[in-house]
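Here's the letter readout for the chains.
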Amino acid sequence: MKVAIIHDWLTGMRGGEVVLDSMLKAYPEADLFSLFYSKGKLNARIENRKITTAFTNNLPFKEKYYRYYLPLFPTAIETLDLKGYDVVISSSHCVAKGVIPHPDTFHLSYVHSPMRYVWDMYYDYFPARKGFKFFLLQSIANYLRTWDAASANRVDYFTCNSHFVGRRIQKYYRRDYKIIYPPCLPQDFRVHDNSKDDYYLMVSAFAPYKKIDLAIEAFRENGKPLILVGGGQEEGNLTKNLPKNILWKKGLPRQEVVELYKKARGFIFPGMEDFGITPVESQAYATPVIAYGKGGALESVKDGKTGVFFEEQTVKSLNDAIKRAEKIQFKRWDFQNSINRFTEEKFVSEIRKVVDRHK
């Protein structure tokens, strides 16, 4: 069986690339296709295979500004030649699901999210409501929505990472879906009680919907130590004039991030995420999650057992949740029971079952 795996872009190891890595474990002989590929920024299992890119990989300034080519992405993904493949698996948070497979090819799409920046979170990314830029962005977004909905017909079977994403698949694509939770941890991972230091932790890309600004303002008010790990498009604005109790760290090695998870008093998760691998990682080190009570966190965090939820994205609501969490005696076995749902072995098994059932 000849398998092709399509991933939107290969520019770094984030949550989507963790899922992709496990897909490649399920199908080690699969060929890999993408819009962009930045060599040296991914792990060995991804880089040590045949990678075919679209014409977008040859565009100038791609390393830093690839997102600015978004209007070209639908055309680019359709140029990938998938003739001769029995199975196509698309790992999609943008346009990967829109590839054009052969009529006899089974196309399984694992949707991390429909394009959030043109659907339900458009105004989080583009808050302007007037002017030339507003009308230009609206025109591009309208085109992308139309293409995104129409290209859903090229998928034979939809899977996704949470019911939160699944409801959007139903709403925007009018299709059913199957939940396959992301491969966050190995099957034999064991939670241990760790002695905690007096700081809170947030590990995140610096994107608008992550609500890092909310975490900063909450900790500016409460004065508690917060360590911010990450970087991205908004880091310039967000890291200006940080109070002394907030420490920003960028580009940390993985083991240093793990040590921060282990010692943190709590993990801050203030955005509305499609799923969110970092809350699962936090629970793996017996660190409770203080999360906004919407989106994928509702499926990964157990309120009162592995974390607490806050109802409004406000400073007061977040700080009230932190106070509640500090009064709870969290138990190691509750964290273990929670993370057992999110193992790589379960993910690989479920993906293979879907393909074997339909091919």
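About the thresholds
Residues numbered from 1 in each chain as written. Predicted model: local features only at pLDDT ≥ 70, side-chain atom pairs only at ≥ 80, totals over all residues. Heavy atoms only, no water. Buried < 20%, exposed > 50% of the residue type's maximum accessible area, 1.4 Å probe, protein only. Helix = DSSP H or I, 4+ residues; strand = E, 2+ residues; numbered from the N terminus. Pairing = 2+ DSSP bridges. Domains from an automatic or database assignment. Contact = heavy atoms within 4.5 Å. Buried area = accessible area lost by both parts, 1.4 Å probe. Salt bridge = Lys/Arg side-chain N within 4 Å of Asp/Glu carboxyl O. Axes fitted to C-alpha atoms, helices over the stretch in contact; angles between N-to-C directions. Patch = residues over 30% accessible without salt bridge, like charges linked within 9 Å, V, L, I, M, F, W, Y side chains within 5 Å. Areas by Shrake-Rupley, 256 points an atom, 1.4 Å probe, with all protein chains shown as cover. UniProt positions renumbered as here; feature names shortened; annotations may be inferred. Right-handed = clockwise from strand over helix to strand, strands pointing away.

Participant: Got a sec to walk through the pairing of strand β4 (residues 87-92)? Specific residues and values, please.
Facilitator: For β4, a buried count of six out of six residues is recorded, marking the element as mostly surrounded by other parts of the structure. Bridge count between strand β1 (residues 3-10) and β4: five bridges; the pairing is parallel. By the bridge assignment for β4, H7 is matched with S91. Bridge analysis of β4 against strand β5 (residues 106-111) gives six bridges, and the strand direction is parallel. Bridge assignment links V88 to a residue of β5, and that residue is H107.

Participant: I'd like a description of the domain arrangement of the protein, backed by residues and values.
Facilitator: On domain assignment, one finds that the protein holds domain 1 (3-183 + 343-357) and domain 2 (200-340). Of note, the centres of domain 1 and domain 2, computed from C-alpha atoms alone, are 27 Å apart. Contacts between the two partners involve 19 residues from domain 1 and, on the opposite side, 14 residues from domain 2. Summing both sides of the interface, domain 1 and domain 2 together bury roughly 1,300 Å²; the carbon and sulfur share of this comes to 59%. When residues of domain 1 are sorted by the area they lose upon contact with domain 2, M121, Y125 and F164 head the list and together hold 34% of the total.

Participant: Would you mind going over the pattern of salt bridges in detail, with residue names and values included?
Facilitator: Pairing between side chains becomes possible if they bear opposite charge and their charged atoms approach one another. In this structure the tally under the stated criterion is 20 salt bridges. Here E344 ties to R45 by a salt bridge, and the two come within 3.4 Å at their closest N and O atoms. Of the two residues, E344 is situated in helix α15 (residues 344-358) and R45 in helix α2 (residues 44-47); the sequence distance between them amounts to 299 residues. Classification of E344 as buried rests on a relative accessible area of 14%. Note on R45: relative accessible area 31%, which makes it partly exposed. Where K97 meets D148, a salt bridge forms, and the shortest distance between an N and an O atom there is 2.9 Å. Of the two residues, K97 sits in the loop between β4 and β5 while D148 sits in helix α6 (residues 132-151), which places them 51 residues apart along the sequence.

Participant: Tell me about the sheet that holds strand β3 (residues 51-53), and please be specific about residues and values.
Facilitator: What holds strands together in a sheet is hydrogen bonding between their backbones, with the strands either parallel or antiparallel. As summarised here, the arrangement of the seven strands in space is β3-β2-β1-β4-β5-β6-β7, forming an open sheet in which the pairing is parallel. The outermost strands of the open sheet, each flanked by one partner alone, are β3 and β7 (178-179). As paired elements, strand β2 (residues 31-37) and β3 share three bridges and run parallel to each other. Counterpart to F33 in the pairing with β3 is T52. Strands β1, β2, β4 and β5 of the sheet are contacted by helix α1 (residues 15-26), whose axis makes an angle of about 165 degrees with β1. In the packing of helix α7 (residues 163-173) onto the sheet, contacts are made with β5, β6 (157-160) and β7, and the angle to β6 comes to roughly 145 degrees.

Participant: Tell me what's going on with a nonpolar patch on the surface, and back it up with residues and numbers.
Facilitator: Together, F61, Y65 and Y68 give the surface a local cluster of nonpolar side chains, amounting to about 430 Å² of exposed area. By the element assignment, Y68 lies in the loop between α3 (62-65) and α4 (73-78). Here Y68 falls in the exposed class, since its relative accessible area comes to 66%.

Participant: Please provide a residue-by-residue account of the UniProt feature "domain: Glycosyl transferase family" (unreviewed entry) in the protein, values included.
Facilitator: The positions UniProt marks with the feature "domain: Glycosyl transferase family" (unreviewed entry) are residues 193-334. Between the C-alpha atoms that bound residues 193-334 the distance is 12 Å, and the span itself is 36% helix and 17% strand.

Participant: Residue-level account of the environment of H102, with values.
Facilitator: Among the secondary structure elements, H102 is positioned in the loop between β4 and β5. On the basis of relative accessibility, which here comes to 37%, the residue H102 falls in the partly exposed class.

Participant: Before we move on, can you summarise the pairing of strand β12 (residues 289-292) with the specific residues and values?
Facilitator: Of the two faces of β12, the one carrying V289 and A291 and the one carrying I290 and Y292 are both buried. Inspection of the sheet shows strand β11 (residues 266-269) paired to β12 by three bridges, in the parallel sense. Paired with F269 across the two strands is A291, which belongs to β12. Taken together, β11, helix α11 (residues 277-284) and β12 constitute a β-α-β crossover, and its handedness is right-handed. Looking at chain direction, β12 and strand β13 (residues 307-310) are connected through four bridges and run parallel. Bridging from a neighbouring strand, V289 pairs with G307 of β13.

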